[in-house]
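Structural description and commentary
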Amino acid sequence: DDDTASHIHRMSRYSAILAEGLGLSAAEVESIRYASPMHDIGKLGVPDSILMKPGKLTPAEFKEMQNHTVFGAKILENAKAELLKVSEIIAMTHHEKWDGSGYPRGLKGESIPLSGRVVALADVFDALTSKRCYKPAFSLEDSMKIIKEGSGRHFDAKVVQAFSDNLEKILAVKAQFSN
């Protein structure tokens, strides 16, 4: 759908901006940019009734939604292409949290691959600032407050700093690919 297409364009570019801001090589930045659109491929295994639900998910529905990370990694596993290997890592780890409270494996800190940490912030920023079937878009001010409060808990503080340092570039992408 159009919302998903715009989301993928934005968050892949946000991810590249963050990767570049962290000082990754041009090849690593490109890899994250082109692998990150596969982050939610596992939603193919989640029923539409959950994906398109306009209200809050029940605990059972949320548990089912969380499985998209594992489904995505399964879809991409055993790939020979390096880009798909990075996509598999991102699909599995983009909902892990710096403090270990994320899913699916409860990874903590630097045990979360950097590509997953980068995409986590790009994905959350886009989700916060975009209207979804279950919520209105948050203001930039509220979104920034949530991200800053999540530094060192939800997000790697270095990734949050790269985000803050590159906010103008990120906002230009948001404007360019608005729905």
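Read on for a plain summary of the structure. (Residues numbered from 1 in each chain as written. Predicted model: local features only at pLDDT ≥ 70, side-chain atom pairs only at ≥ 80, totals over all residues. Heavy atoms only, no water.)

1. Notes on empty space enclosed by the protein
A water-sized probe rolled over the atoms picks out the places where empty space is left. Stated formally: Using a grid of 1 Å spacing that covers the protein atoms alone, one calls a set of points a cavity when a 1.4 Å probe fits there but cannot get out, and a pocket when the set is open and has protein on both sides within 12 Å along at least five of seven lines; lining residues are those with an atom within 4 Å of a point. Grid points are joined across faces, edges and corners, and a volume is the space filled by probe spheres set on the points. Any residue outside Ala, Val, Leu, Ile, Met, Phe, Trp, Tyr, Cys, Pro, Asp, Glu, Lys and Arg is labelled polar, Gly included; the first ten of those are nonpolar and the last four are charged.
All chains considered together, the criterion is met by 1 cavity of 30 Å³ or more. Around the largest cavity sit Glu96, Lys97, Trp98, Ile112, Arg117, Ala120, His154, Phe155 and Asp156, which together line it. Grouping the amino acids of the lining of the largest cavity by side-chain chemistry returns 4 nonpolar, 1 polar and 4 charged.

2. Side note on helix H9 (residues 157-165)
Put simply, the rule reads: Whether a residue is buried, partly exposed or exposed follows from its accessible area with a 1.4 Å probe, protein chains only, as a fraction of its type maximum: under 20%, in between, or over 50%, in that order. Per the convention used, a helix needs a DSSP run of H or I reaching at least four residues, while a strand needs a run of E reaching at least two, with both numbered from the N terminus. The reported arc concerns the directions from the helix axis to the C-beta atoms and nothing else. By the criterion applied in these results, polar contacts are pairs of N or O atoms within 3.5 Å in which, for protein atoms, one can donate a hydrogen and the other can accept it, and in which residues neighboring in sequence qualify only through two side-chain atoms.
Here H9 has its buried residues at Val159, Val160, Ala162 and Phe163. Buried residues of H9, viewed axially, fall in a sector of 160°; they line one side. Taking the backbone nitrogen of Lys158 as reference, a side-chain oxygen 2.9 Å away marks Asp156 as the first, capping residue of H9.

3. With respect to the environment of Pro136
The following threshold applies: Contact definition: two residues touch when any of their heavy atoms are within 4.5 Å.
Structurally, the position occupied by Pro136 is in the loop between helix H7 (114-129) and helix H8 (140-150). Looking at Pro136, the relative accessible area reads 59%, which means it is exposed. The spatial distance from the C-alpha of Pro136 to the C-alpha of Ser111 is 33 Å, given a sequence separation of 25 residues. The residues touching Pro136, leaving out its near neighbours within four places in the chain, are Ser130 and Lys131.

4. Side note on the environment of Met52
Here Met52 lies in the loop between helix H3 (48-51) and helix H4 (59-66). The spatial distance from the C-alpha of Met52 to the C-alpha of Ser143 is 23 Å, given a sequence separation of 91 residues.

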